[in-house]
Amino acid sequence: MHKEGQIVISASELTKTFGDFTAVDHISFEVKKGEIFGFLGANGAGKTTAMKMLIGILSPTSGNASVAGYDIYTQTEHVKQNIGYMSQRFSLYEDIPVIENIRFFGGIYGVGAKELKAKSAALLDKLELTSSAKTLVRDLPLGWKQKLAFSISILHDPQVVFLDEPTGGVDPITRRKFWELIYEAADRGVTVFVTTHYMDEAEYCDRISIMVDGRIAAMDKPAILKEQFQSPTIDAIFTQLARGAKRTAD
Amino acid sequence: MESAIHIHNLHKTFNKGKLVALDNINFDVRKGELFGLIGPDGAGKTSLFRILTTLWLADSGNATVAGLDVVKDFKEIRRRIGYMPGKFSLYQDLSVEENLNFFATLFNTSIEENYDLVKDIYVQLEPFKSRKAGKLSGGMKQKLALCCALIHKPEVLFLDEPTTGVDPVSRKEFWEMLKRLQSRITIIVSTPYMDEATLCDRIALMQGGKIMQLDTPQQIVDRFADELIAVRSEQMYHLIRDIRELPDIKGCYGFGDYLHVRFAHGAWTQERLTVALKDRHTLLEFCPITPGIEDCFMALMESHA
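Notes on unusual backbone geometry
Okay, so step 1: One non-glycine residue, A:Glu128, lies in the positive phi region at around 55°.
Okay, so step 2: Residue position: A:Glu128 is located in the loop between α4 (113-126) and α5 (142-153).
Okay, so step 3: Judged by relative accessible area, A:Glu128 falls into the exposed class, the value being 63%.
Okay, so step 4: The phi dihedral of B:Asn24 falls on the positive side, at around 50°, and the residue is not glycine.
Okay, so step 5: Residue placement: B:Asn24 occurs in strand β2 (residues 19-30).

Structure below.
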């Protein structure tokens, strides 16, 4: 186990305003090494804005945060080199072969040529894709695509991987197999920060936070939250909290 | 009972037959039914919708909508159906009110004429009626798209994944609206969310261009042939692997904070599972369960694989 308590993501009073609209309102939390942290919230609650700040592509209005030990105001390039990112919408280039996707993203993440060669071969072998290396990504079955996208996002051995709705629209078996990959990565010590609209997936996380109107309305282990809210499911807690939301716009 | 949609041996391929999108599909949707197409990306839901809404031609087979042929009578079908595509397709730079007016005018009607059908939904949009559609939240966009699909009082309403990417609360609200509309219109709706299946009168479980099963949600659950037990321990990730190593296990997958373990009736008991797992697991807990639609879908997927 790698959960020795090292803090990998730390946010303190993190805030982002657009004009008179406060998208993210003084949120504070910490995520430990090897933890699977579920970041939940209704559409428009501020999840995407918060995530953009953490991955170094949007500057906060106030507050502090560090990711993988780097400051998100002043060291955004270091942040980007030490994280992985995968979303449902954009994860791989469909019209180029598997091997070229691996090389391209490996190159972007700064993996050296020699190392990349070894890593590509190891990855293809592990995913049993060696014979499909020259297949266009668009011709891969969905389950393989997801596996490949996730594996590429952690090819450069980042400390943290950010997964933005990685399982949307995926069949129920592929969705669960995908979560087994997440477990495996966390078991190796990769910290996982994940958003999802599937409330059963929230239960797979070590801890979750639920955002409402830019603030964190609840945050703890799923079992503790269920006890606290006297609720049998995270879905019911989410509904209760999100129905109290004042804003509806994205 | 009268059919609102009749589908006979519908077949559709792409890439010169290499990719089968729909594999000889047959079914009927009854008048007044809320019918669900349940399946993941690539199941064939959108292909089926595009053929039924007369936008695509099938390779073979035929279909009718509101008693009209989808090839011969395409013009008349277009007048009588409402279609909400999976991708948001309203004019982003027109306001809420302008979009609705535009669609009403296209069908030679007015908002006033059919207001009673959309009223329930439109009152929620009215405070934002001068806002540009592109500036609406995800949930509000869905509501506007639904209004625009309804404004000409269609006989059959096609909704292609109206709740994908929408948060759980907005999804619930959307389904409450559908239930209220159901008494007045036939609705066929597709979704990748298995929990929404139970809200339909009948559902077709689709995967890889095929219909794996079609029935009422209750009957699909009743037909589940295996035994199911929920298990958890403190070592969930290892528990999945350990259970899959056991003989005669047909499936083992995470469901919230438990694993659902599937096996033939009598192949395992709670006691025997405890004996097999207790050395490597702490806080081992079991819970008897009845299958849900998602359990059925997964079992069908594995038997079709």
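Next, the rest of the story.
Quick notes on the packing of aromatic side chains
Okay, so step 1: This structure, assessed with the given rule, holds 19 aromatic pairs over all chains.
Okay, so step 2: Taking the centre distance of 5.3 Å and the plane angle of 85° together, the rings of A:Phe104 and A:Phe105 count as edge-to-face.
Okay, so step 3: The class for A:Phe104 is partly exposed, based on a relative accessible area of 36%.
Okay, so step 4: Every member of this aromatic cluster is reached through a ring pair, and the members are A:Phe29, A:Phe37, A:Phe39, A:Phe162 and A:Phe193.
Okay, so step 5: Its end group placed over the ring of B:Phe88, B:Lys141 keeps NZ or CZ at 5.3 Å from the ring centre.

Points about the sheet that holds strand β13 (residues 258-263) of chain B
Residues and elements named next belong to chain B.
Okay, so step 1: Taken in spatial order, the 4 strands make up an open sheet running β12-β13-β11-β14, and their pairing is antiparallel. Looking along the sheet, the strands with just one partner apiece sit at the ends: β12 (251-255) and β14 (285-288). When strand polarity is set aside, the average angle formed by the axes of neighbouring strands in this sheet is 30°.
Okay, so step 2: Sheet topology places strand β11 (residues 227-232) next to β14; 4 bridges connect them, and they run antiparallel. Looking across to β14, one finds that Ala230 is bridged to Cys287.
Okay, so step 3: Contacts from helix α9 (residues 270-277) reach β11, β13 and β14, with the element oriented near 160° to β14.

Here we look at helix α8 (residues 236-245) of chain B
Note that an α-helix has 3.6 residues per turn; residues three or four places apart therefore point the same way.
Okay, so step 1: Within the span of α8(B), buried status applies to B:Met236, B:Tyr237, B:Leu239, B:Ile240, B:Asp242 and B:Ile243.
Okay, so step 2: For α8(B), the secondary structure elements touched by its buried residues are α6 (172-187) of chain A together with β11, β12, β13 and α9 of chain B.

Observations concerning the pattern of salt bridges
Okay, so step 1: The final tally for this structure, using the stated rule, is 37 salt bridges over all chains.
Okay, so step 2: Between B:Asp116 and B:Arg184 there is a salt bridge, with the nearest N and O atoms lying 2.6 Å from each other. Linking B:Asp116 in helix α4 (residues 115-125) with B:Arg184 in the loop between α6 (168-181) and β8 (186-191), this pair joins segments that are 68 residues apart in sequence.
Okay, so step 3: Given the relative accessible area of 45%, B:Asp116 is considered partly exposed.
Okay, so step 4: Overlapping salt bridges, with partners in common, bring together A:Arg175, A:Arg176, A:Asp200, A:Glu201 and B:Glu294 in one network.

Criteria and cut-off values
Residues numbered from 1 in each chain as written. Chains lettered and ligands numbered in written order. Predicted model: local features only at pLDDT ≥ 70, side-chain atom pairs only at ≥ 80, totals over all residues. Heavy atoms only, no water. Helix = DSSP H or I, 4+ residues; strand = E, 2+ residues; numbered from the N terminus. Buried < 20%, exposed > 50% of the residue type's maximum accessible area, 1.4 Å probe, protein only. Phe/Tyr/Trp six-rings, centres within 6.5 Å; stacked < 30°, edge-to-face > 60°. Lys NZ or Arg CZ within 6 Å of the ring centre and 35° of its normal. Pairing = 2+ DSSP bridges. Axes fitted to C-alpha atoms, helices over the stretch in contact; angles between N-to-C directions. Contact = heavy atoms within 4.5 Å. Salt bridge = Lys/Arg side-chain N within 4 Å of Asp/Glu carboxyl O.

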